[in-house]
Amino acid sequence: MTSIEKLKFLKEDQVRTLAKEFGTPVFVYSEKEIEQKCDEALAFPNAFGLQVRYAMKANPNSNILQIMKKKGILIDASSEHEVVRALHFGFKPESIMLTSQEFPKAFEELIGKGVKFNACSLRQLEAFGKTFPGKSVSIRFNPGLGSGHTKKTDVGGVTSSFGIWHEKLPEVKAIVEKYKIVVEKVHTHIGSGSDPEVWKAVAKYTLEYAEAFPTVTVVSLGGGYKVGRMEDEKSTDLQKIGAPVKPQFEEFASKHGRKLILEIEPGTYLVALCGALLTTVDDLIDTGAKGFRFLKLDAGMDSNTRPSLYGARHPLVTVKKEGGVPKSNTEYVVVGHCCESGDVFTQKEGGEPITRLMGEAEVGDYVVMEAVGAYCAGMSTKNYNSFPETAEVLLRKNGEGKLIRKKEPVLEIFRNEILVVE
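Rules used throughout
Residues numbered from 1 in each chain as written. Predicted model: local features only at pLDDT ≥ 70, side-chain atom pairs only at ≥ 80, totals over all residues. Heavy atoms only, no water. Core = buried A, V, L, I, M, F, W, Y, C linked by side-chain atoms within 4.5 Å. Buried < 20%, exposed > 50% of the residue type's maximum accessible area, 1.4 Å probe, protein only. Helix = DSSP H or I, 4+ residues; strand = E, 2+ residues; numbered from the N terminus. Contact = heavy atoms within 4.5 Å. Salt bridge = Lys/Arg side-chain N within 4 Å of Asp/Glu carboxyl O. Phe/Tyr/Trp six-rings, centres within 6.5 Å; stacked < 30°, edge-to-face > 60°. Lys NZ or Arg CZ within 6 Å of the ring centre and 35° of its normal. 1 Å grid on protein atoms, 1.4 Å probe; cavity = no way out; pocket = protein on both sides within 12 Å on 5 of 7 lines; lining within 4 Å. Points joined across faces, edges and corners; volume = space filled by probe spheres on them. Nonpolar A, V, L, I, M, F, W, Y, C, P; charged D, E, K, R; others polar. Pairing = 2+ DSSP bridges. Right-handed = clockwise from strand over helix to strand, strands pointing away. Arc of directions from axis to C-beta.

Chemist: I'd like a rundown of the nonpolar core, residues and numbers included.
Modeler: Within the largest apolar cluster, 94 residues are counted, with the highest numbers of intra-cluster contacts made by Tyr 54 and Met 68. Among the elements that take part in this core, helix α8 (residues 196-212) stands out by supplying seven residues, more than any other. Setting aside residues up to four positions removed in sequence, Met 68 forms contacts with Ile 34, Cys 38, Tyr 54, Ile 73, Phe 91, Leu 270 and Val 271. With 16 residues, the next largest nonpolar core counts Leu 18, Ala 276, Tyr 366 and Val 368 among its residues.

Shown next, in the form of structure tokens:
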């Protein structure tokens, strides 16, 4: 029998209190859980020093950014707009690395302020050289290997447009020499898989790129550490995956006399399990004896697109509105409120609906969707069906059971986020 998922960091009475205070749907993030994940990342095995960058595309909520800054974690920005956001919330320019598919329009201004640049194509590297000859840069390579639980989360190999293809190393060297660029870091990122052997192999190749540039002091192996959202899934053990890489850095130092700093860029790992989406059951329908029983929520793909994009699974936990426990367990196809056939939270990749065993629910009960801290609010579809943007709440341990609502100044380019002190 399929296991019934359980709440990860909230208690049932907290679910009811938060839902009544803020309404649903509402994202809730745990400061305590995020800080713990940060500490785990900062303990990643390394030989000669470690830099941890937060891939802020996972969740750019300002409260989460403040936790990262407090922990001394740097920023990996995927667009110039993320750079502007990070600067606005207090990150120093030199703590931000811009790694973007699209060449930034404000390139000269941002890099001129001190923001680090990670060249992801020959065109980007050439443009950097022309504008900033003799300056320091990072270069992203595609090592020819990838790892992901689906092709959509695999960002290495011949099917990926991310980074400079490894066979073009001579062309990279020519541009570097032409503009006397100082290559201070080489970077690879293979995807969201967690195969230790693939990761170890990529580390080997990345160190070979470092060998090609004597000025390199930092080697970034990216992020993409698999997080087990469901009970039958396992999360990457950072100590286990990092252990075999540490000797490679030591061997490199012994051979080349350079003690390289290791850099990692987790996004999902730092926040995925630290967020929950509180929703209300809006309706229950069925399609007859040979069909399905559907549970409709007041949230949809406008809040969490991952199931529709990847067939991703998230724990779904029934919480009775008036207390107590569900009378029985029921198989549901859980769907969202968007007028869209793909707005299904329990589906396979490709769209086929599947059922999920859950506590029996009635209209008005709450369903908590767990493990939504990463790539949910940040990837929301915003205006689809003109549903308003889902509110976000941060739970802080700073008192006893008292909820305080505080709204940040509304900025046109940033979400209006809510801070809650618990």
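Having put the structure on the table, let's press on.
Chemist: Please give an account of the pattern of salt bridges that cites residues and values.
Modeler: If you walk through the whole model with that rule in mind, you get 18 salt bridges. Ionic pairing is found between Lys 178 and Glu 126, a salt bridge with its closest N-O pair at 3.2 Å. Note that Lys 178 is positioned in helix α7 (residues 169-179) and Glu 126 in helix α6 (residues 122-131), a separation of 52 residues in sequence. Residues joined in a network through salt bridges with shared partners are Arg 53, Lys 185 and Glu 263.

Chemist: Help me get a handle on the packing of aromatic side chains, residues and values and all.
Modeler: Enumeration over the complete set of coordinates arrives at twelve aromatic pairs. On the numbers, 5.1 Å between centres and 70° between planes, the contact of Phe 107 with Phe 117 is edge-to-face. Taken together, the residues span a long stretch of sequence, with Phe 107 in helix α5 (residues 107-113) and Phe 117 in strand β5 (residues 116-119) at a distance of ten residues. For the pair Phe 107 and Phe 117, one class covers both residues: buried. Feature note: the residues Phe 103, Phe 107, Phe 117, Phe 128 and Phe 132 constitute an aromatic cluster, connected by ring pairs. Taking NZ or CZ as reference, Lys 37 lies 5.0 Å from the ring centre of Tyr 269, over its face.

Chemist: Give a description of empty space enclosed by the protein that names residues and reports values.
Modeler: Across all of its chains, the model carries two cavities of 30 Å³ or more by this definition. For the largest cavity, the lining is made up of eleven residues, of which Asp 302, Ala 377, Ser 380, Glu 389 and Thr 390 are closest to its centre. In terms of lining residues, the second largest cavity is bounded by Thr 188, Ile 190, Trp 199, Val 202, Ala 203 and Leu 221. Split by residue class, the lining of the second largest cavity holds five nonpolar, one polar and no charged.

Chemist: Describe unusual backbone geometry, naming the residues involved and giving the relevant values.
Modeler: With the exception of glycine, the majority of residues adopt a negative phi angle, and the majority of peptide bonds are in the trans configuration. Here the amide bond leading from Thr 24 into Pro 25 is cis, since omega sits at 0°, within 30 degrees of zero. Mapped onto the fold, Pro 25 is located in the loop between α1 (12-22) and β1 (26-30). The phi torsion at Ala 371 lies on the positive side, around 60°, for a residue other than glycine. By secondary structure assignment, the location of Ala 371 is in the loop between β16 (366-370) and β17 (391-396). Of the residues examined, Ala 371 reaches a relative accessible area of 0% and is grouped as buried. Although it is not a glycine, Tyr 375 adopts a positive phi angle of roughly 55°. As for its placement among the helices and strands, Tyr 375 is situated in the loop between β16 and β17.

Chemist: Summarise the pairing of strand β3 (residues 74-77); cite the residues concerned and give the values.
Modeler: When strand β2 (residues 50-55) meets β3, the two strands line up parallel, connected through three bridges. Looking at the pairing, Arg 53 lines up with Leu 74 of β3. A crossover connection joins β2 to the parallel β3 through helix α3 (residues 62-70); in handedness this β-α-β unit is right-handed. Tracing the backbone out of β3, into helix α4 (residues 80-88) and back to the parallel element strand β4 (residues 96-98) gives a crossover that is right-handed.

Chemist: Which residues make up the side chain of Thr 305, and what are the values?
Modeler: Along the polypeptide, Thr 305 turns up in the loop between β12 (293-297) and α12 (306-310). When its relative accessible area of 6% is taken as the criterion, Thr 305 is described as buried.

Chemist: Tell me about α7, and please be specific about residues and values.
Modeler: Of all the positions in α7, only Leu 169, Val 172, Ile 175, Val 176 and Tyr 179 are classed as buried. One face of α7 carries all of its buried residues, which in axial projection span an arc of 120°. Facing away from the buried side of α7 by over 90 degrees, the exposed positions are Pro 170 and Lys 178. In this structure, the buried side of α7 is in contact with α6, β6 (136-142), β7 (164-165), β8 (182-187) and α8. A positive backbone phi angle near 55° is found at Lys 180, which sits one or two residues after α7.

Chemist: Just give me the short version of the environment of Gly 134, but keep the residues and values in it.
Modeler: Along the chain, Gly 134 falls in the loop between α6 and β6. Using a relative accessible area of 39% as the deciding quantity, one classes Gly 134 as partly exposed. Residues Gly 134 and Lys 178, 44 residues apart in the sequence, show an inter-C-alpha distance of 9.7 Å. Setting aside chain neighbours within four positions, we find Gly 134 in contact with Tyr 179, Lys 180, Ile 181 and Val 182.

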